[in-house]
Structures are given as C-alpha cells and as structure tokens.
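Structural overview
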Amino acid sequence: DMVLADDNFASIVYAVEEGRRIYDNIRKAIQFLLSANLSEVISMFIATLMNFRLFAPTHILWINLVTDTSPAIALGMEEAEPDIMDKPPRSSNEGIFANGMGIDIILQGIVVTALTLISFFIGKKQSQITGMTMAFLTLSLCEVFHSINMRSRTKSIFSLKTHNKYLFGAMILSFVLTLAVIYIPGVNTLFALEALSTTNLAIGIGLAFMIIPVVELVKLAKGIIAKRS
C-alpha cells in the first residue's frame, strides 16, 4: 500500500529510485567493511600460524576507527548509478549477499591480506618495527583506496560521471591521520611504529594502491562473462 501526500504519481518513481539508491549504498558499505575486516582477520590468523607479530592491538583499533568508519559513512552519500531504474525489481527473498557479493568480499579480503603481508616482509628485511609499520601503512591505505572501488560494485570507477565529495574528504582525512601516526615523534612511539624512509613509504603506498587495478580487472572480467552468458 502507498499513500501519495502530493497527489503526484511521479513521486512513486522518485521514491523507488531513492529506495534503490539507499539499498545499493548499504550493500556497498557492507561489502567495504566486511572485506576490510576479513583482511585483518586473515592477516592476524596467518601471523599467528607463522609465529610472527604483524600488528599491535592499537593498530587494529586505529584502522577500524579511522580508515574503516569514515569512508563507510561517506559511501552512504553516494549518488544513484545512472542505470539504477533500468534494473528489474529484486526478489523480496533475495539475501544481502546475493549476486556474488559474498564471493567478492572473500576475494577482496584475500587480496588486501596478500598486499599487507608482502609489505610486511619487505620491511621486515630491515627490522621488525619497519615491517609492522609498512604493514600498518599498506593495510590502512588499502582500505582507503578500496573505498573508491566501492563507489560501484559492478562498474569501473573511471566510467562514473558523478563525484562523492564526502568520500574524497574521508579519504584525505584518513590518509593524513595515518601518516601522522607514523611520522609525528612520540605518537609513533606510542603506537610502536617508526618513521619510514621515502623508499619504504612509496612501496607501502604503491602496494596499497594495487587494490584498485585488481578490483577493476575483476569487474571487467565479470562484465565480459555476463555479456557472453
């Protein structure tokens, strides 16, 4: 049942579009948060099995509060995708993880884990604290960059015509705060981190950025498969 407060049937179209936008944004935020947290769980699990220290509790707490929360909230401000009204109605029995979302979460969590561990072992060749700092940097920025991927679950981010100023603001804030924890004297000591060399900083950021082309390639492959089927 529906009540039209303004006696305008066009309101139905707007209400459906807004409802779809909100639902899509909820799924984007959930996928972002679960893939990010899954990478943390897998990373810590592997570190435990291999008997090395990857993160301190304060690192995980900081990542969850800073590089997870603000981008996830900003994803809720994303505008509707252009073809949102061209899609058929979803089934009322459809689960939140339908249409491959659960698989995407697992795959993206594994990719972030791999990038984090690669960064750690590169830094560990110099010292344990360097490895931990590089892992912290890569995981934090992986999640920051991954939030861009989640502007659309299926489309290339380079094809989007809209801009999310809230997301870009959240990304800049997370990026600055992450670097502050690493480079401000006293603060980095409190977090058991160290100031990285320019080379290590570039490696850590470069590895974190790799989450974008990897997800883009997966989206491309899924799009090609969908067209052929």
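Residues numbered from 1 in each chain as written. Predicted model: local features only at pLDDT ≥ 70, side-chain atom pairs only at ≥ 80, totals over all residues. Heavy atoms only, no water.

Charged atoms that come close allow side chains of opposite charge to pair. Counted by the stated rule, this structure contains 7 salt bridges. Between E81 and K155 there is a salt bridge, with the nearest N and O atoms lying 3.1 Å from each other. Linking E81 in the loop between α2 (57–75) and α3 (101–124) with K155 in the loop between α4 (128–149) and α5 (165–183), this pair joins segments that are 74 residues apart in sequence. Using a relative accessible area of 8% as the deciding quantity, one classes E81 as buried. Among the residues examined, K155 registers a relative accessible area of 22% and is labelled partly exposed. The closest approach of N and O atoms between D83 and K155, which form a salt bridge, is 3.0 Å. With D83 in the loop between α2 and α3 and K155 in the loop between α4 and α5, this residue pair connects regions lying 72 residues apart in the sequence. Owing to a relative accessible area of 24%, D83 belongs among the partly exposed residues under this scheme. When salt bridges with common partners are traced through the structure, they connect K28, E81, D83 and K155 into a single cluster. (Salt bridge = Lys/Arg side-chain N within 4 Å of Asp/Glu carboxyl O. Helix = DSSP H or I, 4+ residues; strand = E, 2+ residues; numbered from the N terminus. Buried < 20%, exposed > 50% of the residue type's maximum accessible area, 1.4 Å probe, protein only.)

Let us now look at the nonpolar core. Ranked by internal contacts, the top residues of the largest apolar core, which has 43 residues, are L54, F55, F136 and I211. For this core, the elements supplying multiple residues, two or more each, are α1 (10–49), α2, α3, α4, α5, α7 (198–209) and α8 (211–228). Among the elements that line this core, the one with the most residues is α4, at 11 residues. (Core = buried A, V, L, I, M, F, W, Y, C linked by side-chain atoms within 4.5 Å.)

Turning our attention to α4. Taking 1.5 Å per residue as the helical rise, α4 with its 22 residues ought to reach 32 Å, and the 31 Å between its terminal C-alpha atoms agrees with that figure. Within α4, 20 of the 22 residues are buried, leaving the element largely enclosed by the surrounding structure. (Expected span 1.5 Å × (residues − 1).)

Counting through the fold element by element, D24 comes out in helix α1. Residues in contact with D24, not counting those within four places in the same chain, are I84 and K87. (Contact = heavy atoms within 4.5 Å.)

Any link to function would need more than the numbers given here.
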